[in-house]
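Close look at the chain arrangement
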Amino acid sequence: MRESDITLSELVLSRCLRDADLEKGVAQRESYLERSFEYVKSLPKWRKRFFHELACGRFEEAAKIADAQAPGAVMSIMFELSYTEPDLREYTYWIARLTNRETADDHASASQTLAFDMASVDGCCSTAVAHRRRAIVIDPHDVWMRLSLCYDKGSVRGDLLSWYDIAELREQLRQVVTQDYGIALEDLKEMDFDPHDPLYGVQSVLREAEEFGESPELLARLHADSLTADWPIEEFVDGILRAAGWADHASAPDDVREFVKLVFLVKYDEADTLARELGESTVQPLLDALSSETPDICSYAFWAFRLIKHETAYNHSRASGQIRRSLYKLKGAPEAGLFHARRAALLAPDESEYKERVLEYHGQVSERVFSRQEAIRLGRKVLASNPGNREVQALVERLDQGESSHESEQG
């Protein structure tokens, strides 16, 4: 079959299987886990347990351990995952927490993970902005998030975080100083603050604005200059449409073009509303096309933000599939995808399809993460409801034989 005869999703998945030497990858992940667990041996017991659950993709268990201790103390432990290269498990951990209970603090931590530990992955700095904006909606008094957005200027596109946005953020900071702290702006200029005090950052940002002289004319010129400097978003949209199979991208409907633009600008709630009108058959190839050349976190973040808003087995399954197709080259992707697949199967225990999606991960992750025994039990559950499933039947028989051989060797 020629590549032109298959869908983009099928092409991406075939490339995934072709490029990823799964047996070699498992050996590498086993070795990596061993080195990681060796590293945490010197840590206190709870930190060791937290890292173990995190590395194995059991994010809900890791979150329980963190909450029983000090949630803010886990960032340095998590960084070990991304020490050599960005690791998707870090971000999925925060998505798991946000899906369970949405808080401004967890959105802030998710944004920090994306903006620092995973900044080299396409879409991460942009998606960090989406999490920071959501944190402000949940906690309007959060000074740090507004400061963080001000500092983000220059690391993202001008149409994602414009000079008008920065001016608005500075005005909000002025209001916070007077309303929440009871400090007159004239007095703020002369006060001395510890560098770790948020008011120190507010003072610096407002001083800069004053020196800058943010007149409407200056803002308009700066905004126009920033858009000229960036790659025009319409060209980006055209590229995604071509990758998604729209040979004549100019003929794509306006709402299809708008969906791509919204995802690219990390306006995930608006993109989700439009996606429900367009339908999955239209939306999915567009999301896949985002990562047709290099992994882009936005395709996964679209499903992540939908899960935060409304957790369902369907959305978890789609998030898992998106990782398998689009982010398979990232470290930690198999464990992150398996987490979503397992969660889908748990939320819809009567749906055999979701259990089958879990089984697809066996052999792609460490035995520590998804054991032969777990796969056998799950496969038998699938066969109990669908005895004619030959692929699962073959898998269970092969795993049974391997289990018997292993027991003989142990004996």
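Refer to the structure printed above.
All values reported here derive from a predicted model rather than from experimental measurement.

The next point concerns the overall build of the chain. The secondary structure content of the chain amounts to 23 helices and zero strands. When burial is assessed residue by residue, the chain has 52% of its 411 residues classed as buried. Excluding contacts between residues fewer than 6 apart, the proportion of contacts in the chain whose partners are at least 24 apart in sequence is 63%. When the accessible surface of the chain is split by element, carbon and sulfur atoms take 49% of a total near 20100 Å².

Looking at the element boundaries, glutamate 258 is found in helix α15 (residues 254-264). Sequence-wise, glutamate 258 and alanine 271 are 13 residues apart; in three dimensions their C-alpha atoms are separated by 8.2 Å.

As a further point, take the packing of aromatic side chains. Overall, the coordinates contain 11 aromatic pairs when judged by the stated rule. Ring geometry for phenylalanine 236 versus phenylalanine 264: centroids 3.7 Å apart, planes at 20°, classification stacked. Of the two residues, phenylalanine 236 is situated in helix α14 (residues 233-243) and phenylalanine 264 in helix α15; the sequence distance between them amounts to 28 residues. Since its relative accessible area comes to 10%, phenylalanine 236 is described here as buried.

This brings us to the nonpolar core. Formed by 97 residues in total, the largest nonpolar core has its most connected members in Phe50, Leu88, Tyr91, Tyr93 and Phe259. Looking at this core, the element that brings in the most residues is helix α18 (residues 298-309), giving nine residues. Excluding residues that lie within four positions of it along the chain, leucine 88 makes contacts with Met118, Ile297, Tyr300, Ile323, Leu327, Leu330, Lys331, Gly332, Ala333 and Ala336. Judged by nonpolar contacts, the second largest core, of 23 residues, contains Ala345, Val358, Val382 and Val392.

Next up on the list: a negative patch on the surface. A cluster of like negative charges, contributed by Asp254, Asp255, Glu258, Asp269, Glu270 and Glu277, occupies part of the molecular surface. Mapped onto the negative patch, the elements with two or more residues apiece are α15 and α16 (268-278). Take aspartate 269: it is sitting in helix α16.

A separate point is the packing of helix α8 (residues 124-138) against α18. Where α8 meets α18, the axes come as close as 10 Å, and the angle between the chain directions of the two elements is 20°. By the angle class used here, α8 and α18 are roughly parallel. When you trace α8 past α18, the crossing you get is right-handed. Between α8, through Thr127, Ala130 and His131, and α18, the contact on the second element is made entirely by Cys298, Ala301 and Phe305. Among the residues forming the contact of α8 with α18, the class breakdown is four nonpolar, two polar and no charged.

Quick look at the side chain of serine 109 now. With respect to the helices and strands, serine 109 occurs in helix α7 (residues 104-117). Residues in contact with serine 109, not counting those within four places in the same chain, are Met75 and Trp94.

With respect to the helices and strands, phenylalanine 59 occurs in helix α4 (residues 59-68). Once the C-alpha coordinates of phenylalanine 59 and arginine 89 are considered, the two residues, 30 residues apart in sequence, prove to be 8.4 Å apart. Setting aside anything within four residues of it in sequence, one finds phenylalanine 59 in contact with Leu54, Arg89, Thr92, Tyr93, Ala96, Glu335, Ala336 and Phe339.

A few words on α15. Those residues of α15 that sit buried are Val256, Arg257, Phe259, Val260, Leu262, Val263 and Phe264. Check the buried side of α15 and you find it contacts α14, α16, α17 (280-290) and α18.

Let us now look at the packing of α15 against α16. Look at α15 against α16: their axes get within 8 Å of each other, and the N-to-C directions meet at 150°. As judged from the angle between their axes, α15 and α16 are roughly antiparallel. Like other packed secondary-structure pairs, α15 and α16 cross with a definite hand, here left-handed. Contacts between α15 and α16 involve Asp255, Val256, Glu258, Phe259, Leu262 and Val263 from the first element and Tyr268, Glu270, Ala271, Leu274, Ala275 and Leu278 from the second. For the contact of α15 with α16, the class distribution of residues is nine nonpolar, no polar and three charged.

Cut-off values and rules
- Sequence order sets the numbering: in each chain, residues are counted from 1 along the sequence as written.
- Side-chain atom pairs in this predicted model are given and counted only at pLDDT of 80 or more, local residue features only at pLDDT of at least 70, and totals for whole chains, interfaces and linings cover all residues.
- Hydrogens are left out, water is left out, and the side-chain values use all remaining heavy atoms of the structure.
- Where helices and strands are cited, they refer to DSSP runs of H or I of at least four residues and of E of at least two residues respectively, numbered from the N terminus.
- Note on exposure labels: buried denotes an accessible area under 20% of the residue type's maximum, exposed denotes more than 50%, and partly exposed covers the range between, all computed with a 1.4 Å probe on protein chains only.
- We call two residues contacting when some pair of their heavy atoms lies within 4.5 Å.
- Here the Shrake-Rupley method, with its probe set to 1.4 Å, supplies the accessible areas, and only the displayed protein chains count as covering residues.
- Classification of ring pairs uses Phe, Tyr and Trp, with its six-membered ring standing for Trp, and accepts pairs whose centres are within 6.5 Å; under 30 degrees between planes counts as stacked, over 60 as edge-to-face, and the remaining range as tilted.
- Buried Ala, Val, Leu, Ile, Met, Phe, Trp, Tyr and Cys residues that are joined via side-chain atoms within 4.5 Å together make up what is termed a nonpolar core.
- Patch membership requires over 30% relative accessible area and the absence of a salt bridge. Like charges are linked within 9 Å, and nonpolar side chains (Val, Leu, Ile, Met, Phe, Trp, Tyr) within 5 Å.
- Here, a salt bridge means any side-chain nitrogen of Lys or Arg that lies within 4 Å of a carboxyl oxygen of Asp or Glu.
- A residue counts as positive if it is Lys or Arg and as negative if it is Asp or Glu; His and the chain ends are not included.
- Just so you know, the charge point we use is NZ for Lys, CZ for Arg, CG for Asp and CD for Glu.
- Note on definitions: angles span 0 to 180 degrees between N-to-C directions of axes, and those axes are lines fitted to C-alpha atoms, for helices only across the stretch in contact.
- Note on terminology: angles under 35 degrees are roughly parallel, angles over 145 are roughly antiparallel, angles of 65 to 115 are roughly perpendicular, and the others are oblique.
- Throughout, a crossing is termed right-handed when the near helix is turned clockwise from the far one, and left-handed when it is turned anticlockwise from it by less than a right angle.
- Lys, Arg, Asp and Glu make up the charged group, whereas Ala, Val, Leu, Ile, Met, Phe, Trp, Tyr, Cys and Pro make up the nonpolar group; the residues left over, Gly among them, are polar.

In short, the description is geometric, and any link to function would need to be established separately.
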